[in-house]
Amino acid sequence: MKRLLRISLDTLISSLMSILIWFVLSLVIDKNLINIFTLTFPLQYVSSILVSIFGTGANISREKGNKNDTISGIFFGTIFAIVITIVFLFNMDYYLKFMNYSVDKLFVTYSVIQILLHTILRFVLTKLYYEGKNILSNKYSIVFYLLNFVCILTTSIFMTNYIYIVASTLLILVIYTIYILIKNIEKSKLKFNIFNWIKYDAVTLSDNIILCLAYLFGLSGTVSYGEEYILALTFIALITDTQWDISDSIGTVAKIDISQDNFNYKTHIKNAKILALMLIISVLCMFVILYKFYNLNLLVALIFLFFHIIDFVICPYYKINTYYLQLDYSTKKTTFTNLSARFLRLLLSFLKTPYCTVIAQVSSSIYQAICMKLLFQKNYSIDSNGQVIKNRQNK
């Protein structure tokens with residue numbers, strides 16, 4: 001549980017500080033800047049796609065005996081991330097038009113480059129997780145986001161030129177990111193084993209691809225229903241995004257233990273349920289505390305929140321079953337089952353309702369939880385000590 005909380009701390013820091021940064025900018029500069037958080041939300045899944053391949057996949061590949069894959073993953077992942085960011089920035093107008101948003105492009109640029117730097121940081125943090133250096137990863141996360149928060153806050157207060165605010169903050173973050181890379185990259189022979197990297201984290205990769213598309217179309221549709229839905233969606237995203245990011249640590253810890261043959265099913269389920277309960281309580285507390293600062297339609301906000309709570313309740317089960325099946329049973333079958341759930345989510349995101357994103361989210365999770373439980377029970381059983389035993393007919 002301690003390791004799960006340490007890895008969760010990195011995610012908590014990154015998500016919470018990102019929210020605080022946009023909250024502060026909306027108070028100090030322009031209240032509409034808070035909407036950039038929702039606008040660039042789908043891009044976080046692009047970041048997760050890259051981390052899945054070049055971070056998690058590369059590190060699992062190293063555990064399987066390809067010792068140069070971690071450094072290769074960081075190197076090639078950084079190149080891909082930079083290229084994707086440049087392409088996006090040159091085509092930003094098309095994105096804004098598609099999402100039905102009209103916002104300050106300078107701060108959209110700040111958000112996109114911040115996501116780029118965070119992606120590179122996550123490559124390094126993933127390497128440290130697999131090396132058991134969780135305290136060092138916590139240190140890097142804390143310093144990175146404290147620098148980001150302090151710089152953007154200080155410059156926003158004392159500078160009136162927005163270009164200087166953004167440029168000075170990003171410059172400091174770029175310098176620190178380069179420092180982290182230098183400290184954690186050893187001399188290594190580079191190999192582009194991308195097919196192995198994709199294979200070892202194919203479920204998470206397919207998740208993020210479909211989720212990126214679902215949020216692109218879903219958010220675009222919700223925005224078209226008017227301001228009260230935009231505000232409620234943004235508010236619920238603000239109070240749940242951190243918790244959803246933290247829930248990913250359930251999968252991170254499970255994949256580390258599975259790949260290192262140190263997995264106990266009962267222990268992982270118990271810890272995941274405790275973490276999920278903590279996340280639900282924190283969401284409810286944030287709703288009660290922050291609700292009065294927003295002019296929300298309470299019923300609309302509660303409907304969005306209700307669907308998120310349901311998903312938090314069932315996420316420990318489908319996450320752990322999915323990752324075990326992926327790494328120990330069949331990558332192809334597990335990925336196919338997971339993809340079918342995500343395609344269901346994508347299709348439901350086109351529903352003609354402002355709640356399409358959350359309806360699609362919960363429906364997909366319920367479907368995945370049922371399918372993965374049936375597949376797991378067909379192939380495995382759990383002994384009294386929590387060890388996973390392969391059923392005889394499937395040996």
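These notes cover the structure that comes with them. (Residues numbered from 1 in each chain as written. Predicted model: local features only at pLDDT ≥ 70, side-chain atom pairs only at ≥ 80, totals over all residues. Heavy atoms only, no water.)

1. Observations regarding the overall build of the protein
Put simply, the rule reads: Numbering of helices and strands runs from the N terminus; a helix is a DSSP stretch of H or I covering at least four residues, while a strand is a stretch of E covering at least two. Three labels apply to residues, based on accessible area from a 1.4 Å probe with only protein chains included: buried if under 20% of the type maximum, exposed if over 50%, partly exposed otherwise in between. When checking whether two residues touch, look at their non-hydrogen atoms; a contact exists if any pair is within 4.5 Å. The Shrake-Rupley method, run with a 1.4 Å probe, gives the accessible areas here. Residue values count only the displayed protein chains as cover. Lys and Arg are tallied as positive, Asp and Glu as negative. Neither His nor the chain termini are counted. Charge coordinates come from a single atom per side chain, which is NZ of Lys, CZ of Arg, CG of Asp or CD of Glu.
Secondary structure assignment for the protein yields 15 helices and two strands. Here the C-alpha coordinates of the protein stretch approximately 70 × 55 × 35 Å along the principal axes. Per-residue burial for the protein yields a buried fraction of 57% across its 395 residues. Of all intrachain contacts in the protein linking residues separated by at least 6 positions in sequence, the fraction that spans at least 24 positions is 81%. Of the accessible surface of the protein, which amounts to about 17,700 Å², a share of 66% is contributed by carbon and sulfur atoms. Of note, the protein has its 34 positive side-chain charges centred 8 Å away from the centre of its 20 negative side-chain charges.

2. Points about the packing of aromatic side chains
Our working rule: Note on aromatic pairs: the rings of Phe, Tyr and Trp (six-membered ring only in Trp) are paired at centre separations within 6.5 Å, and the planes decide the class, stacked below 30 degrees, edge-to-face beyond 60, tilted for the rest.
Counted according to the given criterion, the structure contains 21 aromatic pairs. Seen in terms of ring centroids, F54 and W197 are 5.9 Å apart; in terms of plane orientation they differ by 70 degrees. Their pairing is edge-to-face. Of the two residues, F54 sits in helix α3 (residues 41-63) while W197 sits in helix α9 (residues 194-200), which places them 143 residues apart along the sequence. Exposure class is identical for F54 and W197. Each is buried. Counting every residue linked through ring pairs, the aromatic cluster contains F54, F75, F76, F80, F123, F192 and W197.

3. Considering the nonpolar core
Rules: By nonpolar core is meant a set of buried Ala, Val, Leu, Ile, Met, Phe, Trp, Tyr and Cys residues that side-chain atoms within 4.5 Å join together.
Formed by 109 residues in total, the largest nonpolar core has its most connected members in W22, L25, F54, F107, Y110, F263 and F304. Counting residues per element, this core draws most heavily on helix α6 (residues 105-130), at 16 residues. Those residues within four positions of F107 in sequence are excluded, and the remaining contacts are W22, L25, I29, L33, I36, Y162 and V166.

4. A short note on the state of the cysteines
What counts is decided by this rule: By disulfide we mean two sulfur atoms from cysteines, separated by a distance within 2.5 Å.
For the structure on display, the rule yields zero disulfides. Unpaired in this structure, C315 has its nearest cysteine sulfur neighbour in C371, at a distance of 17 Å.

5. Focus on helix α12 (residues 265-290)
As a reminder of what qualifies: One less than the residue count of a helix, multiplied by 1.5 Å, gives the span that helix is expected to have. Residues adjacent in sequence count toward polar contacts only when both atoms are side-chain atoms; beyond that, a polar contact is any pair of N or O atoms within 3.5 Å, and within protein one must be able to donate a hydrogen and the other to accept it.
Taking 1.5 Å per residue as the helical rise, α12 with its 26 residues ought to reach 38 Å, and the 37 Å between its terminal C-alpha atoms agrees with that figure. What α12 keeps buried is the set Y265, H268, I269, N271, A272, L275, A276, L279, I280, V283 and F287. Between the side-chain oxygen of the N-cap and the backbone nitrogen of K266 there are 3.3 Å, and the N-cap of α12 in question is N264.

6. Topic: a nonpolar patch on the surface
Short version of the rule: Residues enter a patch when their relative accessible area is above 30% and they make no salt bridge; the linking distance is 9 Å between like charges and 5 Å between nonpolar side chains (Val, Leu, Ile, Met, Phe, Trp, Tyr). Basic side-chain nitrogens of Lys or Arg form a salt bridge, by our definition, when they fall within 4 Å of a carboxyl oxygen of Asp or Glu.
Taken together, the side chains of F75, I79, F80, V83, I84, V87, L190 and F192 present a nonpolar region at the surface, about 660 Å² in accessible area. With respect to the secondary-structure elements, V87 resides in helix α4 (residues 69-90).

7. Regarding helix α8 (residues 162-184)
Residues spaced three or four apart along an α-helix face the same direction, because each turn holds 3.6 residues. With 23 residues, α8 should reach 33 Å at 1.5 Å per residue; the first-to-last C-alpha distance of 33 Å fits that figure. Buried residues along α8 sit against α4, α6 and α7 (134-158). Where α8 begins, one side-chain oxygen reaches toward the backbone nitrogen of I163, 2.9 Å away; that side chain belongs to N161.

8. Digging into the environment of T177
Mapped onto the elements, T177 comes out in helix α8. Looking at T177, the relative accessible area reads 5%, which means it is buried. Sequence separation between T177 and F293 is 116 residues, and the spatial gap between their C-alpha atoms is 34 Å. Once residues within four sequence positions are removed from consideration, T177 is found in contact with L117, I120 and F144.

9. A closer look at the packing of α6 against α8
The cut-off we apply is this: Only the stretch in contact is used when fitting a helix axis, every axis being a line fitted to C-alpha atoms; angles between N-to-C directions are given from 0 to 180 degrees. Roughly parallel means an angle under 35 degrees; roughly antiparallel means over 145; roughly perpendicular covers 65 to 115; every other angle is labelled oblique. Here a crossing is taken to be left-handed if its near helix is turned anticlockwise relative to the far helix by less than a right angle, and right-handed if that turn runs clockwise.
At a minimum axis distance of 10 Å, the contact between α6 and α8 shows a crossing angle of 15 degrees. Between α6 and α8, the angle falls in the class roughly parallel. Between α6 and α8 the crossing geometry is left-handed. Mapping the contact onto sequence places L106, F107, Y110, I113, Q114, L117, I120, L121, V124, K127 and L128 in α6 and Y162, I163, V166, T169, L170, L173, V174, T177, I180, L181 and N184 in α8.

10. Details of the pattern of salt bridges
Counted by the stated rule, this structure contains six salt bridges. With a shortest N-O distance of 4.0 Å, R62 and E63 are connected by a salt bridge. Residue classification places E63 among the partly exposed residues on the basis of a relative accessible area of 30%. Note that K133 is salt-bridged to E131, the shortest N-O span being 3.5 Å. Among the charged side chains, a network of salt bridges with common partners joins R62, E63, K127, E131, K133 and E186.

11. Section: the environment of S365
Note that S365 resides in helix α15 (residues 356-379). Here S365 falls in the buried class, since its relative accessible area comes to 1%. Each C-alpha atom of the pair S365 and I310 lies 9.4 Å from the other, and the pair is 55 residues apart in sequence. When near neighbours in sequence (up to four residues on either side) are disregarded, S365 contacts D311, I314 and Y318.

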